[in-house]
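# Report on the structure
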Amino acid sequence: MESPMTRNCHVGFGERYKETRPSQGRKVRFVPTLCSPLLANIALNGIEDLGKSVRYADDMVFILKPDEDADQLLEKIKTFLAERGMKISERKTKLTATTDGFDFLGWHFKVQSNGKFRSTPSQDNFKAFQQKVKKVVNNSNYGATEKADKLAPIVRGWRNYHRYCNLSSSRDSLWFINNRAFKVFNKEKKQTRYSAEALIRRAFPTVGYQEGKFIPVKGCKSPYDGDVTYWSQRNSKLYDGSTAKALKEQNHSCGRCKLKFISGERIHLHHCDGNHGNWDKSNLLAIHESCHDYIHMGKSKS
């Protein structure tokens, strides 16, 4: 049976500060600032109520059902923007089926023929990342060690951004880029095959991925809304295994300080008796990383 999603389509729009206009024979280009996303959110507040949608600043996707009229929705969007002195970027607005796929925020979304949803890094996003890596690898001003140190944060950042995509393909696993970098490193007179391999491991740190495992946030929620219980429970869902079980037992609170897990601080699993081989649930305690440090700091002083 065909999944309903395979028959849906989307309308996307948005091109922040790209338009140029003549001014005394010259062109004026508006450059984005740090306030651009904030101003876009203020100006576009409420546009998501026009239909089922996903929005980040001024980039937006509307999901339509088969019986919904895309042209009618587009007119509503144009009217909404016109009242605020804005207009749609015709070049970046398009109507497409989810089975054909579409790009949004560096990801490529597509509903496959079997009805399953698939997300991967978009082609444009990968090319931009590839150019950054090539620029470092091919720079003759750096040695292999310096190149590895410069590549590590670039690769780790890219992999972390896409860690909820499918990265199983040879392209997205970075095998070809990795192999190319190894050949360059190995050509250095100071390097051997083994030292070059060690530098490659440093330059391309491993970051696991879990396709579609991102824990969504309710559209009406904000980290600053004071709802400690909601955010603690939501953040606890990012963990699995023994840590998840301990969190549930502790009602999503730290086993040491008893405070909720609401910050970006990592959650550690503490072995109460100090035996890391004892995985009995009564011996495990989910605590803040800082609380874990304090516990072991006190033991070392003793």
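Counting of residues starts from 1 at the beginning of each chain's written sequence and follows it residue by residue. Per-residue local features are limited, in this predicted model, to residues with pLDDT of at least 70; the limit for side-chain atom pairs, both in listing and counting, is 80 or more; totals at the level of whole chains, interfaces and linings are taken over all residues. Just so you know, side-chain values use all the structure's heavy atoms and leave hydrogens and water out.

## Quick notes on the overall build of the protein chain
Across its full length, the protein chain carries nine helices and 11 strands. Only protein chains enter the area calculation, which uses a 1.4 Å probe; residues under 20% of their type maximum are buried, those over 50% are exposed, and those in between are partly exposed. For the protein chain, with 302 residues in total, the buried portion stands at 33%. Whether two residues touch is decided by their heavy atoms; if any such pair falls within 4.5 Å, the residues are in contact. Excluding contacts between residues fewer than 6 apart, the proportion of contacts in the protein chain whose partners are at least 24 apart in sequence is 56%. The helix count covers DSSP runs of H or I at least four residues long, the strand count covers runs of E at least two residues long, and both are numbered beginning at the N terminus.

## Things to note about the packing of helix α4 (residues 144–161) against helix α6 (residues 193–203)
Whenever a helix is involved, its axis is fitted only over the stretch in contact; in every case the axis is a line through C-alpha atoms, and angles between N-to-C directions fall within 0 to 180 degrees. Relative to each other, α4 and α6 sit at 30°, their axes nearing to 7 Å. By the criterion of interaxial angle, the relationship of α4 to α6 is roughly parallel. Residues A144, T145, A148, D149, L151, A152 and V155 of α4 form the contact with α6, whose own contacting residues are L199, R202 and A203. Here the residues of the contact of α4 with α6 sort into seven nonpolar, one polar and two charged. By the definition adopted for this analysis, an angle is roughly parallel if under 35 degrees, roughly antiparallel if over 145, roughly perpendicular if from 65 to 115, and oblique otherwise. Three categories are distinguished: nonpolar for Ala, Val, Leu, Ile, Met, Phe, Trp, Tyr, Cys and Pro, charged for Asp, Glu, Lys and Arg, and polar for the others, with Gly belonging to the last.

## Observations regarding the confidence of the model for the protein chain
On a scale of 0 to 100, pLDDT captures the predictor's confidence in every residue. Averaged over the protein chain, the pLDDT score is 82; the fraction of residues at 70 or greater is 86%. Element-level mean pLDDT values for the protein chain span from 43 in strand β2 (residues 20–23) up to 95 in helix α3 (residues 123–137). Confidence drops under pLDDT 50 across residues 13–24; counting only partners more than four residues distant or on other chains, this segment forms 36 contacts.

## Overview of the pattern of salt bridges
Each salt bridge in this description consists of a side-chain nitrogen of Lys or Arg and a carboxyl oxygen of Asp or Glu lying within 4 Å of one another. Under the counting rule described, the total for this entry stands at eight salt bridges. Between E83 and R84 there is a salt bridge, with its nearest N and O atoms 3.6 Å apart. Between D172 and R171 there is a salt bridge; the shortest N-O distance is 2.7 Å.

## Observations regarding the environment of I267
Structurally, I267 is set in strand β10 (residues 267–271). You can call I267 buried: its relative accessible area is 7%. Among all residues touching I267, those that are not within four sequence positions of it are Y239, T243, L247, F261, A286 and I287.

## A word on the pairing of strand β4 (residues 53–56)
Looking at chain direction, β4 and strand β5 (residues 59–64) are connected through four bridges and run antiparallel. Note on β5: the bridge partner recorded for V54 is V61. Between the antiparallel neighbours β4 and β5 lie two residues, among them A57 with a positive phi of about 55°. One bridge is not enough; two strands pair if DSSP finds at least two bridges between them.

## Considerations on the side chain of T243
Within the fold, T243 resides in helix α8 (residues 241–249). If we skip the residues at most four places from it in the chain, T243 touches I267 and L269.

## Some points on the sheet that holds strand β9 (residues 117–121)
Reading across from one edge, β7-β8-β9 is the order of the three strands in this open sheet, with antiparallel pairing throughout. Unpaired on one side and paired on the other, β7 (102–104) and β9 mark the two borders of the sheet. Adjacent strand axes in the sheet meet at a mean angle of 30° when their direction is disregarded.

## What to know about the nonpolar core
In these notes, a set of buried Ala, Val, Leu, Ile, Met, Phe, Trp, Tyr and Cys residues joined through side-chain atoms within 4.5 Å is what counts as a nonpolar core. Ranked by internal contacts, the top residues of the largest apolar core, which has 28 residues, are F129, L151, L174, I177, F185 and F204. Elements that contribute at least two residues to this core include exactly β7, β8 (107–111), α3, α4, α5 (175–187) and α6. Contacts of L151, omitting those with residues within four sequence positions, involve V133, V136, V137, F185, A203 and F204. Counting residues in hydrophobic clusters, the runner-up holds 11 residues, among them I47, M60, A70 and I77.

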